[in-house]
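# Observations on chain architecture
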Amino acid sequence: MEIDYDQLTDTNVADILLVTATLTETKSLLDLFEPVCSDGILIVKKNDKVYNLGVFGGYNVVHCQCTNMGTQEVGSSTLTTASALTDWPSVKFVIMVGIAFGMYNEERDIIKQNFGDVLVAERIFPYENQRLNPNGETKYRGTEHFSDKNLVDAFTVVAREWDEKNYNDEPTKVYIVPMLTGEKLVDNLEWRNEIKAKYPEYKGGEMEGMGIASSSESAGKPWILVKSICAISFFIIGA
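Please read all numbers here as calculations on a predicted model, not as lab measurements. (Residues numbered from 1 in each chain as written. Predicted model: local features only at pLDDT ≥ 70, side-chain atom pairs only at ≥ 80, totals over all residues. Heavy atoms only, no water.)

### Thoughts on the overall build of the protein chain
Scanning the protein chain from terminus to terminus reveals five helices and 13 strands. Residue pairs in contact within the protein chain that sit at least 24 positions apart in sequence constitute 71% of those at least 6 positions apart. Summed over its atoms, the accessible surface of the protein chain is roughly 12500 Å², and 52% of this surface lies on carbon and sulfur atoms. (Helix = DSSP H or I, 4+ residues; strand = E, 2+ residues; numbered from the N terminus. Contact = heavy atoms within 4.5 Å. Areas by Shrake-Rupley, 256 points an atom, 1.4 Å probe, with all protein chains shown as cover.)

Put into structure tokens, the structure is as follows:
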């Protein structure tokens, strides 16, 4: 059912804000939504914004999709999240779900990643905040942002009790790890290996995390990223 935002008599209807960045991510998420009322999943339009209201994991949730990837453009994760938190004041915390690239050291790490494994970010680091010094050296100036401790603890319990199968009954593991975030859509194995060498403690990367973190923290809302390693990517995980 589709309605206009102004038709709502109460906007305090959702506990969780779920954010995606692509149509593929959105479709996969909405396939798991349950109806929020007898009319099914509600599609709520406000000006140029579209929200989906439904039930996910027993909670009333509102979903929005970024119209641009990354954090800087209009419609990217920064403005999309900020607008959604204004429009839905009852939201208690923010979760971004979607896809990421994996990253591990095959000689040192016990954890061996596979396509489809889920990376839950305990913290993120914006790797593109850099100073290029006159001597040719690069100084990395980014600041780590930490996911909400209670959310990390909750996902840690999930990971510990996980039966290692996704909803399609495919082998899937859940890892609580630090992740990189940046504006580049990384589809180059050589470059990926360069950043893996610079940041060996980080076990994956994505594009929208800083927008989620900055907007959520500005609004005083807890946040976390939950992203699956994408099989479409060019990467050979661990190469």
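### Structural notes on the side chain of threonine 172
Structurally, the position occupied by threonine 172 is in the loop between helix H3 (149-161) and strand E11 (174-181). Once you skip the residues sitting within four places of it in the chain, threonine 172 turns out to touch Gly116, Asp117, Val118, Trp162, Glu164, Lys165 and Asn166.

### Some points on a nonpolar patch on the surface
Together, Leu32, Phe56 and Tyr167 line one region of the surface with nonpolar side chains, adding up to about 290 Å² of accessible area. Counting through the fold element by element, tyrosine 167 comes out in the loop between H3 and E11. Exposure remark for tyrosine 167: the relative accessible area of 55% places this residue in the exposed category. (Patch = residues over 30% accessible without salt bridge, like charges linked within 9 Å, V, L, I, M, F, W, Y side chains within 5 Å. Salt bridge = Lys/Arg side-chain N within 4 Å of Asp/Glu carboxyl O. Buried < 20%, exposed > 50% of the residue type's maximum accessible area, 1.4 Å probe, protein only.)

### Looking at the confidence of the model for the protein chain
Reading fine detail from the predicted coordinates is not recommended where pLDDT is low. Within the protein chain, residue pLDDT values average 84, and 82% of them lie at 70 or more. When mean pLDDT is compared element by element in the protein chain, strand E2 (residues 16-20) scores highest at 97, while strand E8 (residues 130-132) scores lowest at 60. Throughout residues 232-239 the model reports pLDDT below 50, and contacts reaching past four residues in sequence, or to other chains, amount to 27 contacts. (pLDDT = per-residue confidence, 0-100.)

### Structural notes on helix H1 (residues 23-30)
Buried within H1 we find Glu25, Thr26 and Leu29. One face of H1 carries all of its buried residues, which in axial projection span an arc of 100°. Of the exposed residues in H1, the ones pointing more than 90 degrees away from its buried face are Leu23, Thr24 and Lys27. On its buried side, H1 packs onto E2, strand E4 (49-56), strand E5 (59-65) and strand E6 (93-102). (Arc of directions from axis to C-beta.)

### Describing the packing of aromatic side chains
For any pair of aromatic rings, geometry is given as the distance between the ring centres together with the angle between the planes. Counting across every chain of the model gives four aromatic pairs. Here the aromatic rings of tyrosine 5 and tryptophan 88 are separated by 5.5 Å at their centres, their planes lie at 80°, and the arrangement is edge-to-face. Taken together, the residues tyrosine 5 in the loop between strand E1 (2-4) and E2 and tryptophan 88 in the loop between helix H2 (77-87) and E6 connect sequence positions 83 residues apart. Between phenylalanine 33 and phenylalanine 56, the aromatic rings sit 6.0 Å apart at their centres with planes inclined by 50°, giving tilted as the arrangement. Here the residue phenylalanine 33 occupies a position in the loop between H1 and strand E3 (42-46), and phenylalanine 56 occupies one in strand E4, the gap between them amounting to 23 residues. Joined through ring pairs, the aromatic side chains of Tyr5, Tyr51 and Trp88 make up one cluster. (Phe/Tyr/Trp six-rings, centres within 6.5 Å; stacked < 30°, edge-to-face > 60°.)

### Regarding the nonpolar core
Core analysis: the largest hydrophobic core is formed by 33 residues, its most contacted members being Leu17, Val19, Val44, Val62, Trp88 and Ile124. Listed in part, the 15 residues of the second largest apolar core include Leu29, Val97, Val118 and Ile224. (Core = buried A, V, L, I, M, F, W, Y, C linked by side-chain atoms within 4.5 Å.)

### Let's talk about the environment of histidine 63
Assignment of secondary structure puts histidine 63 in strand E5. Along the sequence, histidine 63 and isoleucine 95 sit 32 residues apart, while their C-alpha atoms lie 9.7 Å from each other. Ignoring anything within four residues of it in the chain, the contact list for histidine 63 reads Leu18, Thr20, Thr26, Leu29, Leu30, Phe33, Val50, Tyr51 and Asn52. Side chain to side chain, histidine 63 and threonine 20 meet in a polar contact 2.8 Å long. (Polar contact = N/O pair within 3.5 Å; in protein donor to acceptor, adjacent residues only side chain to side chain.)

### Details of the state of the cysteines
In a disulfide, the sulfur atoms of two cysteines are covalently bonded to one another. What the rule picks out here adds up to zero disulfides. Of all cysteine sulfurs in the structure, the one in cysteine 66 sits closest to cysteine 64, which takes part in no disulfide; the separation is 6.4 Å. (Disulfide = S-S within 2.5 Å.)

### Section: the packing of H2 against helix H5 (residues 209-218)
Look at H2 against H5: their axes get within 7 Å of each other, and the N-to-C directions meet at 35°. Every pair of crossing elements has a handedness; the one defined by H2 and H5 is right-handed. For the pair H2 and H5, the contacting residues are Ser77, Thr78, Thr81, Ala82 and Leu85 in the first and Gly211, Ile212, Ser214, Ser215 and Ser216 in the second. Within the contact of H2 with H5, the residues separate by chemical class into three nonpolar, seven polar and no charged. (Axes fitted to C-alpha atoms, helices over the stretch in contact; angles between N-to-C directions. Left-handed = near helix turned anticlockwise from the far one by under 90°. Nonpolar A, V, L, I, M, F, W, Y, C, P; charged D, E, K, R; others polar.)

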